[in-house]
Amino acid sequence: LRLHVVKLKRLETVEQMGAAICHEIRNPLTAAIGFVQLLQDESISRESRVQYISILRNELKSAEQVIQNYLTFSKPEIELVEPLIVHEELQQIIQSLQVLANRNSVHIITNYSYTGAIEGDSQKFHQCFVNIMKNAIEAMPNGGVLTVETMSTSSNMTILVQDTGAGMTAEQLNRLGEPYYSTKGEKGTGLGIMVVYSIVHAMNGRIHVESELGVGTRFEFTFPSSPTLFEQNEIHKNMSVLV
Ligand code: ADP
Ligand code: MG
């Protein structure tokens, strides 16, 4: 009986994984198809052609990376650990979401006055914050403000992601992270936050969420600072003092 339960659990995980892969690669593949269609037009300039091919390559790479990422999903421990300069990673993520933000008239404000580095896998970090920021933008269909802030102490790094969107009730807040929990019907899969929790857990991080219906939502992430980079930063500081 015990074996049976374990097997069922495994199957469930495999199913969730499959659905998650579909969810995460749908966007880059849809974009890739769009650019292939644009490239079929023989009258476009050489310049545009080069640009479209470059975007197409990036979109395909992004889809490929997601699959790579999920191959290790059954082992959620982060295997590749490198120091991540948090504000640089966040900036890349924001750039990749700019089109989506513009579509919803969402203004993005960043404040990286206190930043630093944490340990993790860049691809997984991206996936985590893409999911969080996408949800924030989707919660503001009629416009709003997405604020991304970083703060750090010598031992911790805090990342704040705040929106002025729909917000959640206490009951909805409680269900966050439950597989397949979504209020978006056809448009949602309810796997984004589950993946977020799994990645943050593997990075030894913590999440604190506050939300108010009709006012907005605030996600606060805390990760241990990267010791190596912190020392390097100190060295940099000292060096600039010397210069
Ligand atoms: P999906 O986006 O596919 O619905 P997620 O796991 O990403 O799945 O999110 C689950 C649910 O949590 C969403 O359907 C939404 O109801 C709620 N949610 C998540 N983030 C926010 C947010 N920033 N503002 C309001 N609701 C949110
Ligand atoms: Mg989502």
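Structure first, text after, so check above.
Only a predicted model underlies this, so the values are computations on that prediction, with no experimental measurement involved. (Residues numbered from 1 in each chain as written. Chains lettered and ligands numbered in written order. Predicted model: local features only at pLDDT ≥ 70, side-chain atom pairs only at ≥ 80, totals over all residues.)

### Overview of the nonpolar core
And step 1. Among the nonpolar cores identified, the biggest contains 34 residues, and Ile 132 and Met 133 are the most heavily contacted of them.
And step 2. If you list the elements that add at least two residues to this core, you get α3 (86–103), β3 (117–120), α4 (122–138), β4 (144–152), β5 (156–163), α6 (192–202) and β7 (216–224). (Core = buried A, V, L, I, M, F, W, Y, C linked by C-beta atoms within 7 Å. Buried ≥ 20, exposed ≤ 12 C-beta atoms within 10 Å, placed from the backbone. Helix = DSSP H or I, 4+ residues; strand = E, 2+ residues; numbered from the N terminus.)

### Let's talk about the environment of Met 194
And step 1. Checked against the element boundaries, Met 194 lands in helix α6.
And step 2. Aside from chain neighbours lying at most four places away, what touches Met 194 is Gly 177 and Pro 179. (Contact = placed C-beta atoms within 7 Å.)

### Comments concerning the site of ligand 1
And step 1. Around ligand 1, a shell composed of 22 residues is seen, among which Asn 135, Ala 139, Ser 182, Gly 188 and Gly 192 lie nearest.
And step 2. Mapped by element, the contributors of at least two residues to the shell around ligand 1 are α4 and α6. (Near = placed C-beta within 6 Å.)

### Topic: the environment of Met 157
And step 1. Examined against the element boundaries, Met 157 turns out to sit in strand β5.
And step 2. Between the C-alpha atoms of Met 157 and Ile 94, which are 63 residues apart in sequence, the distance is 19 Å.
And step 3. Other than its neighbours up to four places away in sequence, Met 157 contacts Val 86, Gly 116, Ile 118, Thr 150, Ser 152, Phe 223 and Ser 225.

### Brief notes about α3
And step 1. Taking 1.5 Å per residue as the helical rise, α3 with its 18 residues ought to reach 26 Å, and the 26 Å between its terminal C-alpha atoms agrees with that figure.
And step 2. Taking the largest bend as the criterion, α3 deviates by roughly 50 degrees, centred on Leu 97.
And step 3. Within α3, the full set of buried residues consists of Val 86, His 87, Leu 90 and Ala 101.
And step 4. Contacts made by the buried residues of α3 are with β1 (82–85), β2 (106–111), β3, α4, β4 and β5.
And step 5. Positioned one or two residues after α3, Ser 105 has a phi angle of 55 degrees, which is positive. (Expected span 1.5 Å × (residues − 1). Bend = angle between axes of the 7 residues up to and from the residue.)

### Describing unusual backbone geometry
And step 1. Even without being a glycine, Ser 105 presents a positive backbone phi close to 55 degrees.
And step 2. For Ser 105, a count of 11 C-beta atoms within 10 Å puts it in the exposed group.
And step 3. With a phi close to 60 degrees, Asn 204 is a non-glycine residue in the positive phi region.

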